[in-house]
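Spelled out, the chains give:
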Amino acid sequence: MHPWFTRPLDRLIIRLAAAAMSCNARHQPHAEEAGALLEGDDFFCAFVKGPSDLVFTGGNAFQFRSALSTPWENNNLVRGKLFCCAENWQQFPTVILLHGWNDELGYRFRLPFCAALLRRKKVNALALELPYHLQRRPRAPGAVTDFISEDLFRMVEATRQSIADTRALVKWLSGQGCGRIGLWGTSLGAWLGGLIICHEPQIDFAVLTIPLAKLERAIAELVFCAPIRKSFANSGLSLAKLNLVSHRPLIATESILIQEAEDDLFAAKDAIEEFWQAWGQPEIWRLRHGHISILMSIPLMTRTAKWITDKSFAERGCVILDQPPDENPAAGLRHSRVPH
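Criteria and cut-off values
- Residues numbered from 1 in each chain as written.
- Predicted model: local features only at pLDDT ≥ 70, side-chain atom pairs only at ≥ 80, totals over all residues.
- Heavy atoms only, no water.
- 1 Å grid on protein atoms, 1.4 Å probe; cavity = no way out; pocket = protein on both sides within 12 Å on 5 of 7 lines; lining within 4 Å.
- Points joined across faces, edges and corners; volume = space filled by probe spheres on them.
- Helix = DSSP H or I, 4+ residues; strand = E, 2+ residues; numbered from the N terminus.
- Nonpolar A, V, L, I, M, F, W, Y, C, P; charged D, E, K, R; others polar.
- Polar contact = N/O pair within 3.5 Å; in protein donor to acceptor, adjacent residues only side chain to side chain.
- Contact = heavy atoms within 4.5 Å.
- Buried < 20%, exposed > 50% of the residue type's maximum accessible area, 1.4 Å probe, protein only.

(A) Fine view of empty space enclosed by the protein. Applying the stated criterion across every chain, the model contains three cavities of 30 Å³ or more. Here the largest cavity defines a volume of roughly 120 Å³. Residue lining of the largest cavity: 13 residues in total, with Arg110, Trp184, Thr186, Thr209 and Met301 positioned closest to the centre. Of all the secondary structure elements, the ones that give two or more residues to the lining of the largest cavity are α4 (104–120), β6 (181–186) and α10 (298–313). Here the lining of the largest cavity is built from residues that sort into eight nonpolar, four polar and one charged.

(B) The side chain of Thr159, seen in detail. Looking at where Thr159 falls in the secondary structure, it is placed in helix α5 (residues 152–176). Within the local environment of Thr159, its side chain forms a polar contact with the backbone oxygen of Met155, the two atoms lying 3.1 Å apart. Setting aside residues up to four positions removed in sequence, Thr159 forms contacts with Phe147, Trp191, Leu192, Leu195 and Leu242.

(C) A look at the layout of surface pockets. Of the pockets and cavities examined, the largest pocket occupies roughly 750 Å³. Surrounding the largest pocket, 34 residues form its lining, Ile13, Trp101, Asn102, Asp103 and Ile292 being those nearest its centre. Within the residue set of the lining of the largest pocket, elements represented by two or more residues are α1 (3–24), α4 and α7 (215–221). For the lining of the largest pocket, the element with the most residues is α1, which contributes six residues. Of the residues in the lining of the largest pocket, the class split is 21 nonpolar, eight polar and five charged.

(D) Structural view of helix α6 (residues 188–197). Among the ten residues of α6, ten are classified as buried, and the element is accordingly described as predominantly covered. Buried within α6 are the following residues: Leu188, Gly189, Ala190, Trp191, Leu192, Gly193, Gly194, Leu195, Ile196 and Ile197. Tucked into the core, α6 has its buried residues touching β4 (94–98), α5, β6, β7 (205–209), α7 and β8 (256–261).

Right under this line is the structure:
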């Protein structure tokens, strides 16, 4: 797409985000607490197990309690949707979809579309609501209501909770008998997905679409992060531990796809190129898009679904033909009910 469209679109969304952030900035930084959490033992949550209380609440929607607790009950209840490709869905690969920051429209519309593309190829899809988003966004007076916040402790905590919740779902899927599990993250979700594949050994492949490769750089440069920059002032807090270049993936280089937008005004291209080099130069698609326009590209979603399908079935030597998925998305599920 031409820069005359992609860049103004990015600028518009950045201005809208800046207006929203400036209106909501009212919390203390808690920088020391954030630093202690970052430096604490097992920040990346290796202790997490598959949830025993995961229950389907109607149709393909599920919920379970997060392994990590915050002061707001609705944020502690992990929610999502499982899009099954067949009644015996456990015999097929599953991809966990991680949405972007405040990308609620994407969760409601784009992710189901991506799931439909995958289901036609006999790949399950699981969409996860990240902390402080959608039904998990706190509503109580005085609550932190956004993942990215001037309360640095809650922002770091939200990152850790996202990792814990995703790893719990990986364990649950493995317990259900799923053989191959992948991730497809966008923007914030791609950054989180990048961190997760560096610490979760049960993930087999990953797509990282326009990842925020360096959180501290995004905070330093993006207009809507002004309240967060104020919290960082004189704090001495370092977020280097959350940069993708600081870690190495546990999965094979050929099982990773990075998608970079050449006109991106959110995710710095050189930061993506840096961790791409550090990770051994996995497959990368450099696309003529902006950060927002790439989310609207149906051809790209279709091409990505094909890449995922090829990786999902590569070891089995299978050829999967397009076919309509089963009507009952949660058929054949094995799950526990929430205990009384």
